[in-house]
Amino acid sequence: SKTRNGIKRMSFIALSILFEIGLILMLINFLYMDYVLVEIVIRVITIPLGLYIYSGHKTASMKMPWILLILATHVVGVTLFLLVGLNGGTKKMKERYKKVDEQIFPLLPENRHVLDKLEESEPNAYGISAYLSKYSHYPVYENTDVTYYDRAEDGLEAQLIALKEAEQFIFMEYFAIQNTAAWGRIEEILVEKAKKGVEIRVYYDDVGSVSFVNRGFVNRDFAKRLKSLGINCRVFNPFMPGINVFLNNRDHRKMTIVDGKVGFTGGYNLADEYFNLTHPYGMWKDTGIRLEGDAVKSLTISFLEMWNAVKRSDKDDVDIEKYLPRTDYVAKSKAFVQPYGDIPIDKEQVGENVYISMANKAEKYCYFMTPYLIITDEMSQAISLAAKRGVDVRIVTPGIPDKKLVYKVTRSFYNGLARNGVRIYEWTPGFSHAKMNVVDDKMAVCGTINLDYRSLYHHFENACFIVDEGIATEMREDFEKTFRQCREVTEEYSTGKRSVIRLGQLFLRLFASLL
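Rules used in this analysis
Residues numbered from 1 in each chain as written. Predicted model: local features only at pLDDT ≥ 70, side-chain atom pairs only at ≥ 80, totals over all residues. Heavy atoms only, no water. Buried < 20%, exposed > 50% of the residue type's maximum accessible area, 1.4 Å probe, protein only. Helix = DSSP H or I, 4+ residues; strand = E, 2+ residues; numbered from the N terminus. Pairing = 2+ DSSP bridges. Phe/Tyr/Trp six-rings, centres within 6.5 Å; stacked < 30°, edge-to-face > 60°. Lys, Arg positive; Asp, Glu negative; His and termini not counted. Salt bridge = Lys/Arg side-chain N within 4 Å of Asp/Glu carboxyl O. Contact = heavy atoms within 4.5 Å. Axes fitted to C-alpha atoms, helices over the stretch in contact; angles between N-to-C directions. Parallel < 35°, antiparallel > 145°, perpendicular 65-115°, else oblique. Left-handed = near helix turned anticlockwise from the far one by under 90°. Nonpolar A, V, L, I, M, F, W, Y, C, P; charged D, E, K, R; others polar.

A. Structural detail: the pairing of strand 5 (residues 254-258). By the criterion of burial, strand 5 is predominantly enclosed, with five of the five residues buried. Here strand 5 shows a buried face lined by K254, T256 and V258 and a second buried face lined by M255 and I257. Sheet analysis places strand 2 (residues 169-174) next to strand 5, joined by five bridges and oriented antiparallel. Each residue of the ladder has a partner; that of F171, found in strand 5, is I257. When strand 5 meets strand 6 (residues 262-266), the two strands line up antiparallel, connected through four bridges. Note that in strand 6 the partner of M255 across the bridge is T265. Linkage of strand 5 to strand 6, two consecutive antiparallel strands, is achieved through a turn of three residues, within which D259 is found at a positive phi near 60°.

B. Spotlight on the packing of aromatic side chains. In the structure shown here, the tally under the stated rule is 28 aromatic pairs. Between the aromatic rings of Y281 and W284, the centroid separation amounts to 6.4 Å while the plane-to-plane angle is 45°, which identifies the pairing as tilted. W284 carries the same exposure label as Y281, and that label is buried. For the pair Y372 and F431, a centre-to-centre distance of 6.2 Å together with 50° between the ring planes defines the contact as tilted. One end of the pair, Y372, is in the loop between strand 10 (365-369) and helix 14 (377-388); the other, F431, is in strand 13 (residues 430-432), with 59 residues separating them in the sequence. F431 carries the same exposure label as Y372, and that label is buried.

C. Expanded view of the pairing of strand 15 (residues 443-447). Counting buried positions over the five residues of strand 15 gives five, a clear majority of the element. Burial of the side chains of strand 15 extends over both faces: M443, V445 and G447 are buried on one face and A444 and C446 on the other. In terms of strand pairing, strand 14 (residues 436-439) meets strand 15 through four bridges, oriented antiparallel. Opposite V438, over in strand 15, you have A444 as the bridge partner.

D. Region of interest: unusual backbone geometry. The backbone of D259 shows a phi angle near 60°, a positive value even though the residue is not glycine. Along the chain, D259 turns up in the loop between strand 5 and strand 6. Judged by relative accessible area, D259 falls into the buried class, the value being 8%. Here N276, not a glycine, exhibits a phi torsion of approximately 60°, which is positive. Structurally, the position occupied by N276 is in the loop between strand 6 and strand 7 (283-285). Take N276: its relative accessible area is 14%, and that puts it in the buried class.

E. The side chain of E173, seen in detail. In this structure, E173 sits in strand 2. We note that E173 is buried and unpaired, the nearest opposite charge coming from R253 at a distance of 4.7 Å. Excluding its chain neighbours within four sequence positions, the residues that come into contact with E173 are Y203, D251, R253, K254, M255, S302, F303 and M306.

F. Fine view of the packing of helix 5 (residues 91-104) against helix 12 (residues 296-309). Contact pair helix 5 / helix 12: the axes reach a minimum separation of 9 Å and the direction vectors enclose 140°. Classed by the angle they form, the pair helix 5 and helix 12 counts as oblique. Crossing angle aside, the handedness with which helix 5 passes helix 12 is right-handed. Two secondary-structure elements touch here, helix 5 through M93, R96, Y97, V100, D101 and I104 and helix 12 through I301, L304, E305, M306, N308 and A309. Tallied by class, residues from the contact of helix 5 with helix 12 come to eight nonpolar, one polar and three charged.

Structural data, given as structure tokens:
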């Protein structure tokens, strides 16, 4: 019943917002039809507004849908752009994040010496790392051991062990939490640790945790219950009635930090289907990593950024440094490790730029795994050019979709990539939800960032850039195992009947960037 109430709440709010937008459109349309002056104003601003959008510092894939909508519909297009396209509703959040970032990012080490060392040992990776250091403000580290999990189930078991060993604090941030079996195992440990004085913080996205149809996904009472158990809990950007364009920006991050010494991230949320306890879309494929050592500092800062910026009325942390302990840990690995975050309000598409750079730097192979494939022209060109240079470029997508409409859009991108030499695979056992990229047995990315507009432009995301032959080789071997479980669809989408993109797919694809 709680799940049904949560879905009813979201449905009511969504209908309320649509009703408000409808009223505004009706009012403006009424004025447009009955008052010549309003009609003249709308028509006069249509062309300048289109030129304003065209001159903006955004990818053409983001600009063209707005321009076409405005030119085709006038009133509807202009009104929606002024309500949503300008994104003016995020001004307060920008100020909030700027204030928090000015407090916490200076606490991270610059690690220029590590960057210099990376330049000497792996020049291709140096450019990506330097970009991340400058534009995402997260440094590259040594002295960090990385463990790769090719199954979410293994990642969960490792997290449970780490949670049991917590002594000071536990931070958990997830897009979706399902209050059933998997979460029950975690919560049992959290409650026990809270009784022993360990500080526990849980942070989740409201829409991510209420919008699923599966039973057990949490509603707003979940946060209250956790607080009653001694677990601090905050909810990101609650879904409320009223036009608020920031509602389109969700917290898609996934991480667990224990005592500032051990951290986990990857593609999986804390819900039963991710661990194959339930099978709504066949088998589930997800991956993750465990970090131990210096690089955990960046995961901690990433969590504290979101925790402190979520709401002005919440009490912020004053002493951040207590969550950044100095340890005498000595890593066995020689890896270069760089956890990083991407936020949608700074106009810097960090996640997309890293993926494009990985394709540009690839010399032998470049493998991607993503649940959705809805990309900009810039990314499509970078991936295609790598294939044209002779790089073995492959992309794995699901064989069974979780969202059929989105799946149609995903498949509409196959032809353009396949005809340029990119090989496309669909994982036939079910839904592959992993977000990962590996290049030349040298460098890899694992995290939360899908190859779609929502992840690359609208969501708060996190990932980890890793330069290490051992981890990259493990990930490549996992890809090879996954390829054997897939159906390759390259030929049928490059030369067969499926190479023809249907009109409906073209329409959905055109406006995918606005969703």
